[in-house]
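# Commentary on secondary and tertiary structure
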Amino acid sequence: MPSPAEPRTAATTGGVQSLERAFDLLERMADAGGEVGLSELSASSGLPLPTIHRLMRTLVACGYVRQQPNRRYALGPRLIRLGESSSRLLGTWARPHLARLVDETGETANMALLDGDEVVYVAQVPSRHSMRMFTEVGRRVLPHSTGVGKALLAQSPDEEVRALLGRTGMPAATEKTIITPEGFLEELARVRETGFAMDDNEQEIGVRCLAVPVPDSPTSAAISVSGPAGRVTEAATERIVPLLQEVAAELSATLAGTAASA
């Protein structure tokens, strides 16, 4: 996100300045939780109030922003359709990379996003084994009992994670599910240290999942490999994790290239 000291301009990017400013404001609104006042946007963006007011008036007229009764501005419902479509495309772009994971590990590969307080699966390529893991695309789960959830939340400050856990609770999916915030934060510290997350029979007994975040993704994303615990062993983990990290970096480059060519 550009800072007030380093604003993006049409001269430096070759784009249309008013469009760049409008999208910058939308991103700043999202970073602020979806609702802000004009003075907050002016302070964070460095733009003068009249400019922000003019841009917001246009965004309101288009349905991408709505003005609340308290005179603050909130992200509008028309963005939902754009987000749903982009999520589907994200899965499309990820699928060749997930297919490589399946080819080289033999296990099911997934991609998931953090959507609000939940993890949503947006793409999957299944294993060719007769005994394999299957997660329906579009399925939503709580993040504390999944490898992808841990990989996603490890990128957030502890206080934000505590707040999320307070909203969702920590129900036990199995007897191995981590059910205390302290235990979960310790697990996230291990994820940050090792560079990967593991769901070890925590979502479903007999299933082990390995996950890593997708670096520099336009939205918080993670990819994973999951399979029977008897196949996803400690020895297999040592082989799979470097591959996961390599594929995540390649997927990140694909997403960046897609954005640059748009």
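One can find the structure itself at the top, above this paragraph.
The structure contained in this document is the topic of the report that follows. (Residues numbered from 1 in each chain as written. Predicted model: local features only at pLDDT ≥ 70, side-chain atom pairs only at ≥ 80, totals over all residues. Heavy atoms only, no water.)

With that settled, the discussion passes to the sheet that holds strand β6 (residues 140-141). The antiparallel open sheet is built from 6 strands, whose spatial order is β6-β5-β4-β9-β8-β7. Whereas interior strands pair on both sides, the edge strands pair on one side only; in this sheet they are β6 and β7 (197-200). (Pairing = 2+ DSSP bridges. Helix = DSSP H or I, 4+ residues; strand = E, 2+ residues; numbered from the N terminus.)

Below, the discussion takes up the pairing of strand β4 (residues 108-115). By the criterion of burial, β4 is predominantly enclosed, with 6 of the 8 residues buried. In this sheet, strand β9 (residues 221-228) lies alongside β4 in antiparallel orientation, the contact comprising 6 bridges. Across the sheet, Asn-110 pairs through a bridge with Ser-224, a residue of β9. Judged from the 7 bridges that link them, β4 and strand β5 (residues 118-125) form a sheet pairing that is antiparallel. Counted as the bridge partner of Asn-110 is Gln-124 from β5. (Buried < 20%, exposed > 50% of the residue type's maximum accessible area, 1.4 Å probe, protein only.)

Before going further, it helps to spend a moment on the packing of helix α2 (residues 17-31) against helix α4 (residues 49-62). Put simply, α2 and α4 touch, their axes get as near as 10 Å, and they point 85° apart. When the interaxial angle is binned, α2 and α4 end up roughly perpendicular. Across the interface between the two elements, Ser-18, Arg-21, Ala-22, Leu-25, Leu-26 and Met-29 from α2 touch Thr-51, Ile-52, Leu-55, Met-56 and Leu-59 from α4. (Axes fitted to C-alpha atoms, helices over the stretch in contact; angles between N-to-C directions. Parallel < 35°, antiparallel > 145°, perpendicular 65-115°, else oblique. Contact = heavy atoms within 4.5 Å.)

To continue, consider a nonpolar patch on the surface. On the surface, Val-16, Leu-19 and Phe-23 cluster together into a nonpolar patch covering about 300 Å² of accessible area. Secondary-structure assignment places Val-16 in the loop between α1 (10-13) and α2. The partly exposed category is assigned to Val-16, whose relative accessible area is 48%. (Patch = residues over 30% accessible without salt bridge, like charges linked within 9 Å, V, L, I, M, F, W, Y side chains within 5 Å. Areas by Shrake-Rupley, 256 points an atom, 1.4 Å probe, with all protein chains shown as cover. Salt bridge = Lys/Arg side-chain N within 4 Å of Asp/Glu carboxyl O.)

Glancing now at the side chain of Ser-145. Among the secondary structure elements, Ser-145 is positioned in the loop between β6 and α6 (147-153). A polar contact of 2.5 Å, which involves the side chain of Ser-145, links it to the side chain of Gln-203. Not counting chain neighbours up to four residues away, the residues in contact with Ser-145 comprise Thr-177, Asp-199, Glu-202 and Gln-203. (Polar contact = N/O pair within 3.5 Å; in protein donor to acceptor, adjacent residues only side chain to side chain.)

The biggest cluster of nonpolar side chains holds 30 residues, and the ones touching the most others in it are Leu-98, Leu-101, Met-111, Leu-210, Ile-223 and Leu-244. Elements with a minimum of two residues in this core: α5 (78-105), β4, β5, β8 (207-213), β9 and α9 (234-261). In terms of residue count, α9 provides more of this core than any other element does, 9 residues in total. Apart from the residues within four sequence positions on either side, Met-111 is in contact with Leu-90, Ala-94, Leu-98, Val-120, Tyr-121, Val-122, Ala-123, Ala-221, Ala-222, Ile-223 and Leu-251. Listed in part, the 21 residues of the second largest apolar core include Leu-164, Leu-165, Ile-178 and Phe-184. (Core = buried A, V, L, I, M, F, W, Y, C linked by side-chain atoms within 4.5 Å.)

Quick look at the packing of aromatic side chains now. Working definition: an aromatic ring pair is given by the centre-to-centre distance plus the angle between the planes. As enumerated under the stated definition, the model contains 0 aromatic pairs in all. One cation-aromatic arrangement involves Arg-190 over Phe-196; the distance from NZ or CZ to the ring centre is 5.3 Å. (Phe/Tyr/Trp six-rings, centres within 6.5 Å; stacked < 30°, edge-to-face > 60°. Lys NZ or Arg CZ within 6 Å of the ring centre and 35° of its normal.)

What follows is about the sheet that holds strand β1 (residues 35-36). The strand order across the open sheet built from 3 strands is β1-β3-β2, with neighbouring strands paired in antiparallel fashion. Two strands lie at the open edges of the sheet, namely β1 and β2 (65-67), each paired on one side alone. By the bridge criterion, 3 bridges tie β2 to strand β3 (residues 73-75) in an arrangement that is antiparallel. Its bridge partner being in β3, Val-65 is matched across the sheet by Leu-75. Taken strand by strand, α2 contacts β1, β2 and β3, and its axis lies near 90° from that of β3.

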